[in-house]
Amino acid sequence: MRRSDLPIPVLLALCAFGIWALFATAPDAVVRDRFLVVPWGWTRILGALILGIGGVAGSAWLWGRSRRPLRAGRYAITAGTHLFLWTAIATTFYPVIYLLAVSFNRNDTLAGSLPREGPLWVRAGILPDPSQISLEQYRKVLSATHVVPYQWIFVALAVAGLLALIGVAAAARAERIPGHRADDYRRTAGFVLFGALAALVVSIGPGQFYTVAADGTRVSAASDRTIVLYIRNTLLVSGMTGLFAVAISTTAGYAFARMRFEGRYQTLLTFVFVQMFPGFMALVAIYYLMSYLDLINTFTGLILAYSGGAIAFSAWIFKGYLESISPALEEAARVDGATRWGAFMRIILPISVPMLLFIFLLQFINTYSEFILANTLLIGQENWTVGIGLRNFTTGRFDTQWGALAASAVLGSLPILAIFYSFQEALTGQYQSGGVKG
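Since we're looking at a predicted model, the values are computed, not measured.

**Q** Go over the overall build of the protein with me, naming the residues and quoting the values.
**A** Regarding its fold elements, the protein presents 17 helices and 4 strands. The buried share of the protein, taken over its 438 residues, is 37%. At a minimum sequence separation of 6, the contacts of the protein that also span at least 24 residues come to 74%. Total accessible area on the protein stands at roughly 26000 Å², and carbon and sulfur atoms take up 68% of it.

Below is the structure:
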């Protein structure tokens, strides 16, 4: 180590000592509004962050001053900025980490999960107490779920499809099978996996959620024990809504992009005008319409309400996408004898797979977490979606069941994660395959 570099470890040691002092001298946690909090704990954490950024930036400045004096300030600014950005990224992922931590907590309340002893970040509830890790909350929310014997067939097929996908991916990476054959195997395994999961979701019914009384009779499960039923309901509603959105947006967007008819411009302006108003302004009209059609407390009514709201935005998106595609492709197909509908089905839809998946995922996610309209149209507990079911954890006679709420939220987010992970190659692969080599 050069003599000019000696101040760098000294500066880092002083900053580390300052961070340790901020946490070591923190006062004990106190009860405030039924929660344990550390007075001025956030200022100590902010001070530790400033010390950390200052230590890294100061070290970069000292290092640059001894080698390139003219760039020392730039080194310091770059190092401090990078540390701040990484801290911001970690803060973005922090809610997910904390949600997982609460779901694995033995206690069911946030106040009860905070110890009075230990490091500051544990006493303040920033990080969980490792001694409280348990699967108790997951056992609680899944205790009333019973699998019908024939559904194990779907579970076995889904597991087999998943293992096949993993095996094909490993074999393709090791170049043991050709690329085109690996794609065929991957496609077949994917169909098996999603087909089995779809059959499993459709086969789940309200009768599978019950508890057994002392005399051996079955008792309907409480609402905080049927999160799997809510997930199943949400998957049905969101999946059908996404398919309807794709069907509506593709036909409407194609008509607006390729056809010229009377009232086309006025209809497009109407779509823009409709987007100006929030969806809850039509809540009364939707409820009256569904009541008149006898569709209250039905999935059909909720799917129709969601699909109607997807027409304007999804059609605009698909219209803009089609306008970026040359009409010469369709004209060539029509010269070869294809009809307009044939050109649309055989030319436009295959090259529009990324946009179709985007529209499906957008509508799927929007309806998956929607609450107001679902809470208005769905009355019976057996038809509740995930949003309504999670709300139930916060409206009981007692305090909010934070542990059960977190465990249910984690289970409810698994389908979204699986769908995104499964469609990521389809979303990016179509764009890459259309690239032109220079």
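**Q** Which residues make up the nonpolar core, and what values go with them?
**A** In this structure, V141, I227, L302, F318, L322 and L377 are the most contacted members of the largest nonpolar core, which totals 50 residues. Only α5 (136–142), α8 (227–258), α11 (299–323), α13 (340–351), α14 (353–368), α15 (372–377), α16 (386–391) and α17 (402–433) provide two or more residues apiece to this core. For I227, the residues in contact, after removing those within four places along its chain, are V141, L142, L390, S408 and L411. Core analysis: the next-biggest nonpolar cluster, separate from the first, contains 6 residues, A252, F256, F271 and A315 among them.

**Q** Outline unusual backbone geometry, supporting the account with residue identities and numerical values.
**A** Of note, the phi angle at D294 is positive, near 60°, even though the residue is not glycine. When you line up the elements, D294 lands in the loop between α10 (283–292) and α11. We classify D294 as exposed; its relative accessible area is 65%. Backbone geometry at N297 places phi at a positive 65°, although glycine is not the residue there. Tracing the sequence through the fold places N297 in the loop between α10 and α11.

**Q** Can you lay out the pattern of salt bridges for me, pointing to particular residues and giving the numbers?
**A** Following the criterion strictly, the structure yields 4 salt bridges and no others. Close ionic contact of R139 with E136 constitutes a salt bridge, the shortest N to O distance being 3.7 Å. You can see R139 and its partner E136 sitting in helix α5, 3 residues apart, about one turn around the helix. K319 serves as the salt-bridge partner of E323, at 2.7 Å between the closest nitrogen and oxygen. Linking E323 with K319, this pair stays in helix α11, spanning 4 residues, or about one helical turn. We classify K319 as buried; its relative accessible area is 7%.

**Q** Residue-level account of the confidence of the model for the protein, with values.
**A** When pLDDT is averaged across the protein, the result is 80; 86% of the residues are at 70 or more. Overall, residues 429–438 carries pLDDT values under 50, and its contacts beyond four positions in sequence, including any with other chains, amount to 7 contacts.

**Q** So what's going on with the environment of A57? Which residues, and what values?
**A** Note that A57 resides in helix α2 (residues 41–67). Sequence separation between A57 and Y75 is 18 residues, and the spatial gap between their C-alpha atoms is 7.5 Å. Beyond its immediate stretch of four places on either side in the chain, A57 contacts A76, A79 and G80.

**Q** Outline helix α3 (residues 72–103), listing residues and values.
**A** Along its 32 residues, α3 runs 47 Å from first to last C-alpha, staying within 8% of the 46 Å computed at 1.5 Å per residue. At F93, α3 shows its largest kink, close to 40°, and the proline P95 lies no more than four residues downstream. Of all the residues in α3, the buried ones are A72, A76, A79, G80, A101, V102 and S103.

**Q** Tell me about a nonpolar patch on the surface, and name the residues and values.
**A** On the surface, a cluster of nonpolar side chains totalling about 680 Å² of accessible area is made up of F273, M276, F277, F280, M281 and I372. Examined against the element boundaries, F280 turns out to sit in the loop between α9 (264–274) and α10. On the basis of relative accessibility, which here comes to 55%, the residue F280 falls in the exposed class.

**Q** Talk me through the packing of aromatic side chains; I want residue IDs and the actual numbers.
**A** For any pair of aromatic rings, the description rests on two quantities: the centre-to-centre distance and the angle between the ring planes. All chains considered together, the criterion is met by 10 aromatic pairs. The structure contains a cluster of three or more aromatic residues connected by ring pairs, namely Y254, W341 and F344.

**Q** Give me the environment of H82: which residues, what numbers.
**A** Mapped onto the fold, H82 is located in helix α3. Along the backbone, H82 and I53 are 29 residues apart, and their C-alpha atoms lie at a distance of 9.1 Å.

**Q** How would you explain the environment of V102 if you had to name every residue and give the values?
**A** Following the sequence through the fold, V102 ends up in helix α3. With 304 residues separating them in the primary sequence, V102 and A406 have C-alpha atoms 6.1 Å apart.

**Q** Summarise α11; cite the residues concerned and give the values.
**A** With 25 residues, α11 extends 35 Å from end C-alpha to end C-alpha; this agrees with the ideal 36 Å at 1.5 Å per step. Within α11, the axis deviates most sharply at I311, by approximately 45°.

**Q** Any chance you could break down the packing of α8 against α11 for me, citing the residues and the numbers?
**A** Following both chains from N to C, one finds α8 and α11 inclined at 40°, their axes separated by 6 Å at the closest point. With respect to α11, the axis of α8 lies oblique. Considering only the axes of α8 and α11, their crossing is right-handed. Partitioned by chemical class, the residues of the contact of α8 with α11 number 19 nonpolar, 7 polar and 4 charged.

**Q** How would you sum up the packing of α9 against α11? Please name residues and give values.
**A** α11 packs onto α9 with a crossing angle of 125° between their chain directions and a minimal axis gap of 9 Å. When the axis of α9 is compared with that of α11, the two are oblique. The way α9 lies across α11 gives a crossing that is left-handed. Judged by residue contacts, R264, L268, F271 and V272 of α9 engage I311, A312, A315, W316, K319 and E323 from α11. Of the residues belonging to the contact of α9 with α11, the class tally is 7 nonpolar, no polar and 3 charged.

How each quantity is defined
Residues numbered from 1 in each chain as written. Predicted model: local features only at pLDDT ≥ 70, side-chain atom pairs only at ≥ 80, totals over all residues. Heavy atoms only, no water. Helix = DSSP H or I, 4+ residues; strand = E, 2+ residues; numbered from the N terminus. Buried < 20%, exposed > 50% of the residue type's maximum accessible area, 1.4 Å probe, protein only. Contact = heavy atoms within 4.5 Å. Areas by Shrake-Rupley, 256 points an atom, 1.4 Å probe, with all protein chains shown as cover. Core = buried A, V, L, I, M, F, W, Y, C linked by side-chain atoms within 4.5 Å. Salt bridge = Lys/Arg side-chain N within 4 Å of Asp/Glu carboxyl O. pLDDT = per-residue confidence, 0-100. Expected span 1.5 Å × (residues − 1). Bend = angle between axes of the 7 residues up to and from the residue. Patch = residues over 30% accessible without salt bridge, like charges linked within 9 Å, V, L, I, M, F, W, Y side chains within 5 Å. Phe/Tyr/Trp six-rings, centres within 6.5 Å; stacked < 30°, edge-to-face > 60°. Axes fitted to C-alpha atoms, helices over the stretch in contact; angles between N-to-C directions. Parallel < 35°, antiparallel > 145°, perpendicular 65-115°, else oblique. Left-handed = near helix turned anticlockwise from the far one by under 90°. Nonpolar A, V, L, I, M, F, W, Y, C, P; charged D, E, K, R; others polar.

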